[in-house]
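Structural overview for review
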Amino acid sequence: MKNENDPPMLKSYRDFNDAAENVLKLMSQFIHINTLFIAKNDLQTNTIVKVYNQDQVLLKEGSQLPFKETFCRLSVDQGREILVIPDITEYELTSGMKVTENLGGGSFIGIPIYYENGKNYGTICGLDNKPFEFTEKHIELFTTISSLLTFVLELEQANNQIQNLSAPIVPITKGIAILPIIGDITQERYEIITKMALMSSERMDLSYLVIDLSGILRINDRIGSFIENIVNMLQLIGTTPVLTGIRPDLAMKVTEMSVKSFNDLIIESTLERALKRIGLYFTEQEVTVIN
């Protein structure tokens, strides 16, 4: 049981969206504007990614507007400077906008969120349908959070790259590729590996996908289910899965599960034997495929 004198536990976030949701809730404790939100844009459409409404529901998550018709566009036009509008009916650039008419008045504060390379992701903003008095502390809060979210975006991109590199699809010849699985298989990695295997099999028109399991670090109850699921899905899209590199401990785990999907599956102890089994032979000068 946690003691009230214990230090607070560090919270981990799955991705940018998860972090964004919690950031808005935290900000709401320091600025009592009605709506805090994070929007993403492609310079054509502005999409509300996360929103926190305190009293009235002024915005909904997932709602979209043409980018040029939003306050977010005005914020992006400011560059890296924060845009503060205490009264949107009095500000020249917002007084005639449809958004202002719909709100009937109010206030806005916004600052862009950038990727590390300088490309704009979107904005983090505050919105109210009545005038709001912004302080230097509020401006500092938005500026700091914008920088923080840039850092979170970079971490997410780096993590995605690492995940992709940990399960690369390696083409061998037309219709044949290898998927070496390296490291521990978490639920998140399972989803990434499965998605990559299915998308690559379709895109590369694979007849065979050789799944090399020799690099798996730990064997647990999820492994057998993971292998069975990916085998079944590959077969459904017309790609023949071939398993190789199954260590004795993994073989025992699979045997205990009595996985029926493995009855007619091509399984070989080494990658070389697996490739030969499907008719692929290597010589010093060339690769020969025997159909």
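Coordinates for the structure precede this section.
Everything in this summary refers to the structure shown in the same document. Small disclaimer: the values here were computed from a predicted structure and weren't measured.

1. A few points about the sheet that holds strand β1 (residues 35-41)
One open sheet accounts for six strands, arranged β3-β2-β1-β6-β5-β4; its pairing is antiparallel. The two strands at the open ends of the sheet, each matched to only one other strand, are β3 (64-66) and β4 (83-85). Adjacent strand axes in the sheet meet at a mean angle of 25 degrees when their direction is disregarded. Packing of helix α1 (residues 16-27) onto the sheet brings it into contact with β1, β2 (45-53) and β6 (120-128), and relative to β2 it is tilted by some 50 degrees.

2. Let's talk about helix α5 (residues 187-203)
Counted at 1.5 Å a residue, the expected span for α5 with its 17 residues is 24 Å, and the 24 Å between its end C-alpha atoms agrees. Considered for burial, the residues of α5 that qualify are Arg 189, Tyr 190, Ile 192, Ile 193, Thr 194, Met 196, Ala 197, Ser 200 and Ser 201. Within two residues after α5, Asp 205 carries a phi angle of roughly 50 degrees, on the positive side.

3. With respect to the pattern of salt bridges
One pass over the structure, following the stated rule, counts nine salt bridges. Note that Glu 61 is salt-bridged to Lys 50, the shortest N-O span being 3.5 Å. Here Lys 50 lies in strand β2 and Glu 61 lies in the loop between β2 and β3, a separation of 11 residues in the sequence. You can call Glu 61 partly exposed: its relative accessible area is 48%. For Glu 268, the salt bridge is made with Arg 273, and the minimal N-O distance between the two is 3.3 Å. Each of Glu 21, Lys 25, Lys 50 and Glu 61 takes part in a single network of salt bridges with overlapping partners.

4. Some details on the sheet that holds strand β10 (residues 240-244)
Here five strands make up an open sheet; going across it, the order is β7-β8-β9-β10-β11 and the pairing mixed. Each edge of the sheet is formed by a strand with only one pairing partner; in this case those strands are β7 (170-173) and β11 (266-268). Adjacent strand axes in the sheet meet at a mean angle of 25 degrees, parallel and antiparallel pairs treated alike. Strand direction decides the pairing type here: β7 and strand β8 (residues 176-183), joined by three bridges, are antiparallel. Opposite Val 170, over in β8, you have Ile 178 as the bridge partner.

5. Quick word on α1
Given a rise of 1.5 Å per residue, 12 residues ought to cover 16 Å, and the 16 Å separating the end C-alpha atoms of α1 matches this to within 8%. All of the buried residues in α1 are Phe 16, Asp 18, Ala 19, Ala 20, Val 23, Leu 24 and Met 27.

6. Some details on the side chain of Asp 128
Secondary-structure assignment places Asp 128 in strand β6. At 3.1 Å, the side chain of Asp 128 forms a polar contact with the backbone nitrogen of Asn 34. Polar contacts involving the side chain of Asp 128 include one to the side chain of Lys 130, which spans 3.4 Å. If near-sequence neighbours (up to four positions away) are discounted, Asp 128 is found in contact with Ile 33, Asn 34, Leu 58, Gly 105, Gly 106 and Ser 107.

7. Examining the pairing of β1
Summarising burial for β1: six of the seven residues are buried, a large majority. Linkage of β1 to β2, two consecutive antiparallel strands, is achieved through a turn of three residues, within which Leu 43 is found at a positive phi near 70 degrees. Pairing of β1 with β6, which is carried by six bridges, proceeds in the antiparallel orientation. Bridge pairing links Ala 39 to Thr 123 in β6.

Conventions used here
- Residues numbered from 1 in each chain as written.
- Predicted model: local features only at pLDDT ≥ 70, side-chain atom pairs only at ≥ 80, totals over all residues.
- Heavy atoms only, no water.
- Pairing = 2+ DSSP bridges.
- Helix = DSSP H or I, 4+ residues; strand = E, 2+ residues; numbered from the N terminus.
- Axes fitted to C-alpha atoms, helices over the stretch in contact; angles between N-to-C directions.
- Contact = heavy atoms within 4.5 Å.
- Expected span 1.5 Å × (residues − 1).
- Buried < 20%, exposed > 50% of the residue type's maximum accessible area, 1.4 Å probe, protein only.
- Salt bridge = Lys/Arg side-chain N within 4 Å of Asp/Glu carboxyl O.
- Polar contact = N/O pair within 3.5 Å; in protein donor to acceptor, adjacent residues only side chain to side chain.

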